[in-house]
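In case you want the letters, here they are:
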Amino acid sequence: MTTTTLHAPLARYAARLHAGIGGRHHVASPLGAWLLLALAAPAATGGLRDELEDVLGVDAATAAGLATALLDAPHPLVGSATALWHRPGTDPAALDGWRAGLPRTTATGPLPAQAELDAWAREHTLGLIDRFPLTVSPRVLLLLASALATRISWTDPFDLAPGAALGGSGPWAGRLDRVLRTPAHGHRAWIAATATAGDVAVHVASAAPRDDAGLVVLSVAADPAVAPGDVLAAAHEVSGTALDGDGPPVGRRSLFDLPLGAGPAWTLREEQVPMWARDGREERHEAVLPCWSARDEHDLTDPALGFGAAARALGALLGAADPGVEAKQAAMARYGRYGFEAAAVTGTAVLSSLPPEGVRRTAELRFGHPYAVVAVATDRRGGTGPWHGVPVFSGWVAEPEEPAADDLTDPPAPW
């Protein structure tokens, strides 16, 4: 089984995820979310398994195998990590059968404190995500997490161009002083016919491979009237055929089959130049793009995204009736002249059900009349030291005062 079989189900899941986010400026990692569902799927049975397999786009065993293949053979340019934590006091033995099938690289153990979760996020995202997207609460039974991160330099950096090179009719006209232009060599660009967005402009920039593994970043632009979801679907469609540099990608349009002048995301011109082509025709593609960055946090509890079903499946292993679910992803990306960096941390928590309602009484203590004060020492030296429990100061407060000036400073003045 190879990771190439993941392309279609992941593109399908990406369409669901991006549809929920909408057309606003954003970045996300459908893969980061899909991996967690794939790891959880083998725990599901019956209707829950069917529901998860529909979301994943493949059967549970295949999904788990694809996830394991990725995680146990880390990519040199894409850091990845997964973890499973359980609440102290929860019997982890109930998870043994399912947990045995997790990738060998998945960290397991008791649920860490919030500061440790934040540190885990930073460690596995090159410091690009500094806070874990979920907050630990007493209701968390299980927490499953994934992290993905990359930071690459382009093999061939962009050149700079005036902002006017983006064209005078688009909404960004006049907003930018400088934009990126493809260098003379090293980048790829073309116009492609797609099923969901019609003809689109495609640009590909690449990082230098490491250990025979690389990373490319595709930019895909369509007619402005095409819905964002359809353009994103087209980008996933094109990405499946854009990685082989030998020969034209599937769907590539000949420039001689397109009308001259302004197109949906390009301008096509014709000129007479000396050339050695046998048929006297040559095609050349250039691209102009802006720099951009994005930072987001996404709620993944939409039923269409599968995390509710995953929580019910995992909760059943622990005997949790009708467990709750939290699922969020923190993501960021930055695209510039010299390189690209991106990271995402996805977390899903299986929550215990809420306890039955009862009556709570709360006392607010008010020291509004004279009261006593005692200052007591503690001493743990050698177990219990001679000072332990000794009252050192005591008093009676009968004349209250306004806060001193130092009490009002922010930050407080040193003593």
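Residues numbered from 1 in each chain as written. Predicted model: local features only at pLDDT ≥ 70, side-chain atom pairs only at ≥ 80, totals over all residues. Heavy atoms only, no water.

**Focus: the sheet that holds strand β5 (residues 178–181)**
The pairing of strands in a sheet comes from backbone hydrogen bonds and takes either a parallel or an antiparallel form.
Here comes step 1: Pairing is antiparallel in the open sheet, where three strands are placed in the order β4-β5-β11. Only two strands of the sheet have a single partner each, and these edge strands are β4 (159–162) and β11 (288–289).
Here comes step 2: Bridge analysis of β4 against β5 gives four bridges, and the strand direction is antiparallel. By the bridge assignment, A161 is partnered in β5 with V179. (Pairing = 2+ DSSP bridges. Helix = DSSP H or I, 4+ residues; strand = E, 2+ residues; numbered from the N terminus.)

**Observations concerning helix α8 (residues 307–317)**
Here comes step 1: Where burial is concerned, most of α8 is hidden: eight out of the 11 residues are buried.
Here comes step 2: Along α8, the residues classified as buried are F307, G308, A309, A310, A311, A313, L314 and G315.
Here comes step 3: Just downstream of α8, G319 is the residue with a positive phi angle, here 75 degrees. (Buried < 20%, exposed > 50% of the residue type's maximum accessible area, 1.4 Å probe, protein only.)

**Examining the nonpolar core**
Here comes step 1: Judged by nonpolar contacts, the single largest core of 44 residues is most densely connected at Y13, W34, L37 and F307.
Here comes step 2: Where this core is concerned, the elements lending two or more residues are α1 (7–21), α2 (30–40), α3 (46–56), α4 (60–71), β3 (140–153) and α8.
Here comes step 3: Here this core gets eight residues from one element, more than from any other, and that element is α2.
Here comes step 4: Residues in contact with W34, not counting those within four places in the same chain, are L6, P9, L10, Y13, L56, V58, A63 and L66.
Here comes step 5: Counting 22 residues, the second largest nonpolar core, distinct from the first, contains A83, L111, V140 and L351. (Core = buried A, V, L, I, M, F, W, Y, C linked by side-chain atoms within 4.5 Å. Contact = heavy atoms within 4.5 Å.)

**Structural notes on the environment of G306**
Here comes step 1: Here G306 is to be found in the loop between β12 (292–299) and α8.
Here comes step 2: Residue classification places G306 among the buried residues on the basis of a relative accessible area of 1%.
Here comes step 3: Separated by 22 residues in the primary sequence, G306 and K328 place their C-alpha atoms 12 Å from one another.
Here comes step 4: Excluding its chain neighbours within four sequence positions, the residues that come into contact with G306 are L37, L52 and V55.

**A look at the packing of α2 against α8**
Here comes step 1: Running from N to C, α2 and α8 point in directions that differ by 30 degrees, and their axes come no closer than 10 Å. With respect to their mutual orientation, α2 and α8 come out roughly parallel. As α2 packs across α8, the resulting crossing turns out to be left-handed. Of the residues in α8, those touching α2 at A33, L36, L37 and A40 are F307, A310 and L314.
Here comes step 2: Per-class residue counts for the contact of α2 with α8 are seven nonpolar, no polar and no charged. (Axes fitted to C-alpha atoms, helices over the stretch in contact; angles between N-to-C directions. Parallel < 35°, antiparallel > 145°, perpendicular 65-115°, else oblique. Left-handed = near helix turned anticlockwise from the far one by under 90°. Nonpolar A, V, L, I, M, F, W, Y, C, P; charged D, E, K, R; others polar.)

**As for empty space enclosed by the protein**
Here comes step 1: On inspection of all chains with the given rule, the structure shows one cavity of 30 Å³ or more.
Here comes step 2: Its volume calculated, the largest cavity comes out at about 30 Å³.
Here comes step 3: Lining the largest cavity are L117, L134, T135, V136, V140, L143, E326 and A349.
Here comes step 4: Its residues assigned to classes, the lining of the largest cavity comprises six nonpolar, one polar and one charged. (1 Å grid on protein atoms, 1.4 Å probe; cavity = no way out; pocket = protein on both sides within 12 Å on 5 of 7 lines; lining within 4 Å. Points joined across faces, edges and corners; volume = space filled by probe spheres on them.)

**Remarks on the side chain of T182**
Here comes step 1: Assignment of secondary structure puts T182 in the loop between β5 and β6 (188–194).
Here comes step 2: The exposure class assigned to T182 is buried, which follows from its relative accessible area of 11%.
Here comes step 3: Discounting chain neighbours no more than four positions away, the residues touching T182 are F158, D159, H187, H203, E286 and A287.

**Side note on the pattern of salt bridges**
Here comes step 1: In the structure shown here, the tally under the stated rule is 12 salt bridges.
Here comes step 2: Across the salt bridge formed by R12 and D54, the nearest N and O atoms sit 3.3 Å from each other. Taken together, the residues span a long stretch of sequence, with R12 in helix α1 and D54 in helix α3 at a distance of 42 residues.
Here comes step 3: Here D96 ties to R99 by a salt bridge, and the two come within 2.6 Å at their closest N and O atoms. Taken together, the positions of D96 and R99, both in helix α5 (residues 96–99) and three residues apart, correspond to about one turn of that helix.
Here comes step 4: Ionic contacts of the salt-bridge type, sharing partners, join the residues R12, R16 and D54 into one network. (Salt bridge = Lys/Arg side-chain N within 4 Å of Asp/Glu carboxyl O.)

**Looking at the side chain of T82**
Here comes step 1: Counting through the fold element by element, T82 comes out in strand β1 (residues 79–86).
Here comes step 2: Take T82: its relative accessible area is 2%, and that puts it in the buried class.
Here comes step 3: Within the structure, T82 has its side chain in polar contact with the side chain of T106 (distance 2.7 Å). (Polar contact = N/O pair within 3.5 Å; in protein donor to acceptor, adjacent residues only side chain to side chain.)

**Here's the deal with the layout of surface pockets**
Here comes step 1: Its volume calculated, the second largest pocket comes out at about 370 Å³.
Here comes step 2: Lining the second largest pocket are 16 residues, with P183, A184, H187, R284 and H285 positioned closest to its centre.
Here comes step 3: It is β6 that provides the largest number of residues to the lining of the second largest pocket, a total of three residues.
Here comes step 4: Taken together, the residues of the lining of the second largest pocket sort by class into four nonpolar, five polar and seven charged.

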